[in-house]
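Spelled out, the chains give:
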Amino acid sequence: MDAIHSRIVGNSLFVYLGRIFNLIFNFFIYLFLANYLGETAFGRLSIAIAYVGTFDIISNFGLNQILVREISKNPSDQARFLGSGIVFKILLAFVSVGTLLLIIPFLGYNRETQILIAIISINFLISSKMSSTRT
């Protein structure tokens, strides 16, 4: 039992250190971007990231917690739950991106901000940084 305990502690520590490193790295990247782009361009980028990030949260729809709960209750059905979860997440991600792209013209953003939102929404579908595709 002691070996399992030390593995759990070691793995948890490794995950948390990775997250801390990621946060520190992102902090310095954002500082650099803010200085490089200036107030106006960085503001547009921030709007685009926040807008797409909101739809990323919506597309996740609490599915991670549901999958963990159901798989822990029925480990023998793991493949079925994971397969269904992946298909559902992909479907929700495409619906979210479609919805956010349809809403953009009605928000009054300038053309540059709309293009940024479109580019980041494509990244939303394929990037492991977004919660919908990370898990």
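Preceding block: the structure.
As the structure is a computational prediction, the values presented were derived from the model and not from experiment.

Caption draft 1: Examining the overall build of the protein more closely. A tally of regular secondary structure across the protein gives 5 helices and 0 strands. Mapped in sequence order, the helices and strands of the protein form the string α-α-α-α-α. Expressed along its principal axes, the backbone C-alpha trace of the protein runs to roughly 60 × 35 × 15 Å. Across the protein, contacts joining residues at least 24 apart in sequence account for 65% of those joining residues at least 6 apart.

Caption draft 2: Spotlight on the packing of helix H3 (residues 78-103) against helix H4 (residues 111-126). Relative orientation of the contacting elements H3 and H4 amounts to 175 degrees, with a least axis distance of 10 Å. Accordingly, the angle class assigned to the pair H3 and H4 is roughly antiparallel. Between H3 and H4, the contacting residues are Ala93, Phe94, Ser96, Val97, Leu100 and Leu101 on the first element and Ile117, Ala118, Ser121, Phe124 and Leu125 on the second. Grouping the amino acids of the contact of H3 with H4 by side-chain chemistry returns 9 nonpolar, 2 polar and no charged.

Caption draft 3: Just the pattern of salt bridges, in detail. Scanning all chains against the criterion turns up 4 salt bridges. Notably, a salt bridge pairs Arg44 with Glu112, separated by 3.4 Å at the nearest N-O pair. Taken together, the residues span a long stretch of sequence, with Arg44 in helix H1 (residues 2-60) and Glu112 in helix H4 at a distance of 68 residues. Exposure remark for Arg44: the relative accessible area of 23% places this residue in the partly exposed category. When its relative accessible area of 42% is taken as the criterion, Glu112 is described as partly exposed. We note a salt bridge from Glu70 to Lys73, for which the minimum N-O separation is 3.5 Å. With Glu70 and Lys73 both in helix H2 (residues 63-73), this residue pair falls 3 residues apart, about one helical turn. Owing to a relative accessible area of 17%, Glu70 belongs among the buried residues under this scheme. Under the relative-accessibility criterion, Lys73 is labelled exposed at 52%. It is possible to trace a salt-bridge network through shared partners that takes in Arg69, Glu70 and Lys73.

Caption draft 4: Inspection of the nonpolar core at higher detail. Judged by nonpolar contacts, the single largest core of 13 residues is most densely connected at Tyr51, Val52, Leu100, Ile104, Ile117, Ile120 and Phe124. Apart from residues no more than four positions distant in its own chain, Tyr51 is found in contact with Leu100, Ile103, Ile104, Leu107 and Ile117.

Caption draft 5: Layout of the packing of aromatic side chains. Under the defined criterion, the tally for this structure stands at 5 aromatic pairs. The interplanar angle of 80 degrees and the centroid separation of 6.3 Å between the aromatic rings of Tyr30 and Phe42 together place this pair among those described as edge-to-face. Judged by centre distance (5.9 Å) and plane angle (15 degrees), the rings of Phe32 and Tyr36 are stacked. In this pair, Phe32 and Tyr36 are both assigned in helix H1, 4 residues apart and thus about one turn of the helix distant.

Conventions adopted
Residues numbered from 1 in each chain as written. Predicted model: local features only at pLDDT ≥ 70, side-chain atom pairs only at ≥ 80, totals over all residues. Heavy atoms only, no water. Helix = DSSP H or I, 4+ residues; strand = E, 2+ residues; numbered from the N terminus. Contact = heavy atoms within 4.5 Å. Axes fitted to C-alpha atoms, helices over the stretch in contact; angles between N-to-C directions. Parallel < 35°, antiparallel > 145°, perpendicular 65-115°, else oblique. Nonpolar A, V, L, I, M, F, W, Y, C, P; charged D, E, K, R; others polar. Salt bridge = Lys/Arg side-chain N within 4 Å of Asp/Glu carboxyl O. Buried < 20%, exposed > 50% of the residue type's maximum accessible area, 1.4 Å probe, protein only. Core = buried A, V, L, I, M, F, W, Y, C linked by side-chain atoms within 4.5 Å. Phe/Tyr/Trp six-rings, centres within 6.5 Å; stacked < 30°, edge-to-face > 60°.

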